[in-house]
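Chain and residue survey
Take a look at the letters that make up each chain.
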Amino acid sequence: NGKTEGRNCIRFFSPEMDEAFKQRLELESVIRDASANERFVLYYQPVFEIRDGRLVGFEALLRLPRPDGSMMPPATFIPMIEEMRLIDKVGIWALREACRAAMTWPRSLTVAVNLSSSQFEMKSISHMVETVLTETGLEPHRLELEITESLLLRNNDHTTEELGKLKEMGVAIVMDDFGTGYSSLSYLWQFPFDKIKIDRSFMQGYEDSAGDVETVVRAIIALGRELHKRVTVEGVETAKQVDFLYDANADQVQGFFFGRPAPATDVASIIQEHLAV
Ligand code: C2E
Ligand code: MG
Ligand code: MG
Ligand code: MG
């Protein structure tokens, strides 16, 4: 009966909640320590031009090393970094680190850095970016900033102004995870994107959608083309997907099929492999 179940529930859940709470505290202290001592790590995933297979650059992806040396993916800790109000600090670190890395690459290659929407709450993110570019010497046109719809959902004058300033500086603005949100289509004309990145869920659904995903992706690519935006597709995992995207006239591709996110120490050899004549 209900009463017994209720008691069982309490007995059953209490230790678990304690455990969850303990884990959360542990993660918080790992995060605090990592941001105080710059112990985060960036992985880099290559991006390719689909028509000629040329390596165009890398996307920088944040990782948090666990005590055992394995890497924690951002989905588990970025929300917490935001809650802990450390995102500005970590965000600046990531941008600086990515720009520094790109300075060691051939000048034809770009670097893409993800920005969290809460980073736009700082006084002037464009000023922060400008400072990092000056400090590292990276040419603005080599930097791409990836933002998601959550930023545009709280559409305000400040955001628009900051995006405008970034564009004026020559930095490219990318709409990440395109197609997953609420009303991404209107953002295509409300904000001055240079590129859209079709979310990886489209490629995940591609094989077993009986052609529906194909139709939608073709339409997004055509739309991007009409609006003079470059279109990247992320999460590309199979040769079949590549063939389709080639046929559908996508501009750029990124995914496990071409290369997983790799530590900075692997980047030189990836570059060599792809830029060698
Ligand atoms: P995102 O920017 O959309 O990054 C692409 C994600 O897809 C990465 O996950 C990447 O590892 C994964 N991915 C790439 N190719 C494939 C593939 O072929 N198959 C599959 N299944 N996945 C693939 P990751 O590294 O776990 O990053 C997750 C998200 O965390 C990113 O999504 C981005 O929104 C956020 N993030 C990463 N680094 C940063 C950062 O420095 N700052 C901020 N604010 N957010 C970041
Ligand atoms: Mg991204
Ligand atoms: Mg994405
Ligand atoms: Mg994402």
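The notes below deal with the structure included here. Computed from a predicted structure; not experimentally measured.

1. Some thoughts on the pairing of strand β1 (residues 41–49)
Extensive coverage of β1 is indicated by the burial of eight of its nine residues. In this structure, the hairpin formed by β1 and strand β2 (residues 55–65) is closed by a connection of five residues, where G53 is found at a positive phi of approximately 75°. By the bridge criterion, two bridges tie β1 to strand β10 (residues 262–263) in an arrangement that is antiparallel. Following the sheet pairing, Y44 is matched in β10 by A262. Bridge count between β1 and strand β9 (residues 252–254): two bridges; the pairing is antiparallel. The residue bridging F48 from the neighbouring strand is V253, located in β9.

2. Description of the packing of aromatic side chains
The final tally for this structure, using the stated rule, is nine aromatic pairs. Here the aromatic rings of F40 and W93 are separated by 6.3 Å at their centres, their planes lie at 45°, and the arrangement is tilted. Of the two residues, F40 is situated in the loop between α1 (2–36) and β1 and W93 in helix α3 (residues 87–103); the sequence distance between them amounts to 53 residues. Note on accessibility: F40 and W93 belong to one class, buried. Each ring, one from F191 and one from F193, has its centre 6.4 Å from the other, and the planes form 55°; the classification is tilted. The pair F191 / F193 is uniform in exposure class, with both members buried. Each member of the aromatic cluster is reached from another via a ring pair, and the members are F40, F77 and W93. Here the basic side chain of R51 rests over the ring of Y246, its NZ or CZ set 3.8 Å away from the ring centre. Directly above the ring of F256 sits R260, whose terminal nitrogen or CZ lies 3.8 Å from the centroid.

3. Looking at the pairing of strand β6 (residues 172–178)
Taken across its seven residues, β6 has six buried, putting it largely inside the fold. In this sheet, β6 lies alongside strand β5 (residues 143–147) in parallel orientation, the contact comprising four bridges. Within β6, the position partnered with L145 by the bridge is I173.

4. Focus: the environment of D177
Structurally, D177 can be placed in strand β6. Distance from D177 to K197, taken between C-alpha atoms, is 5.9 Å for residues 20 residues apart in sequence. Excluding residues that lie within four positions of it along the chain, D177 makes contacts with T148, K197, D199 and E234.

5. A closer look at the coordination of the magnesium ion (ligand 2)
On the protein side, the magnesium ion (ligand 2) has E59 (OE), N114 (OD1), E146 (OE) and D176 (OD) as donor atoms, found 2.0 to 2.2 Å from it. Sequence spacing among the residues donating to the magnesium ion (ligand 2) works out to E-x54-N-x31-E-x29-D. Between the magnesium ion (ligand 2) and the magnesium ion (ligand 3), a spacing of 4.2 Å is present, and a bridge between the two is formed by D176. Of this pair, E146 sits in strand β5 while D176 sits in strand β6, placing them 30 residues apart in sequence. As far as the burial class goes, E146 and D176 line up, both buried.

6. What about the site of ligand 1?
The immediate surroundings of ligand 1 are formed by 22 residues, with R63, D176, R200, E237 and F256 found nearest. One nitrogen or oxygen atom from the side chain of E234 is found 3.2 Å from an oxygen atom belonging to ligand 1. F256 is positioned such that a nitrogen or oxygen atom in its backbone is 2.7 Å from an oxygen atom of ligand 1. A total of 810 Å² of accessible area belongs to ligand 1 in isolation, and the protein chains cover 86% of it. Of all the elements in the fold, those that place two or more residues in the shell around ligand 1 are β2, α2 (74–83), β6 and α8 (200–206). Counting residues per element, the shell around ligand 1 draws most heavily on β2, at four residues. Partitioned by chemical class, the residues of the shell around ligand 1 number eight nonpolar, six polar and eight charged.

7. As for the nonpolar core
Counting residues in hydrophobic clusters, the biggest one holds 78 residues, and the most contacted among them are W105, L143 and L245. Considering every element that reaches this core, the biggest residue donor is α3, with nine residues. Filtering out sequence-adjacent residues up to four positions away, W105 remains in contact with Y44, F58, T110, V111, R142, V267 and I271.

Conventions used here
Residues numbered from 1 in each chain as written. Chains lettered and ligands numbered in written order. Predicted model: local features only at pLDDT ≥ 70, side-chain atom pairs only at ≥ 80, totals over all residues. Heavy atoms only, no water. Buried < 20%, exposed > 50% of the residue type's maximum accessible area, 1.4 Å probe, protein only. Helix = DSSP H or I, 4+ residues; strand = E, 2+ residues; numbered from the N terminus. Pairing = 2+ DSSP bridges. Phe/Tyr/Trp six-rings, centres within 6.5 Å; stacked < 30°, edge-to-face > 60°. Lys NZ or Arg CZ within 6 Å of the ring centre and 35° of its normal. Contact = heavy atoms within 4.5 Å. Donors = N, O, S within 2.8 Å, 3.2 Å for Na, K, Ca; no water. Near = heavy atom within 4 Å. Polar contact = N/O pair within 3.5 Å; in protein donor to acceptor, adjacent residues only side chain to side chain. Areas by Shrake-Rupley, 256 points an atom, 1.4 Å probe, with all protein chains shown as cover. Nonpolar A, V, L, I, M, F, W, Y, C, P; charged D, E, K, R; others polar. Core = buried A, V, L, I, M, F, W, Y, C linked by side-chain atoms within 4.5 Å.

Everything listed here is a matter of geometry and, on its own, says nothing about what the molecule does.
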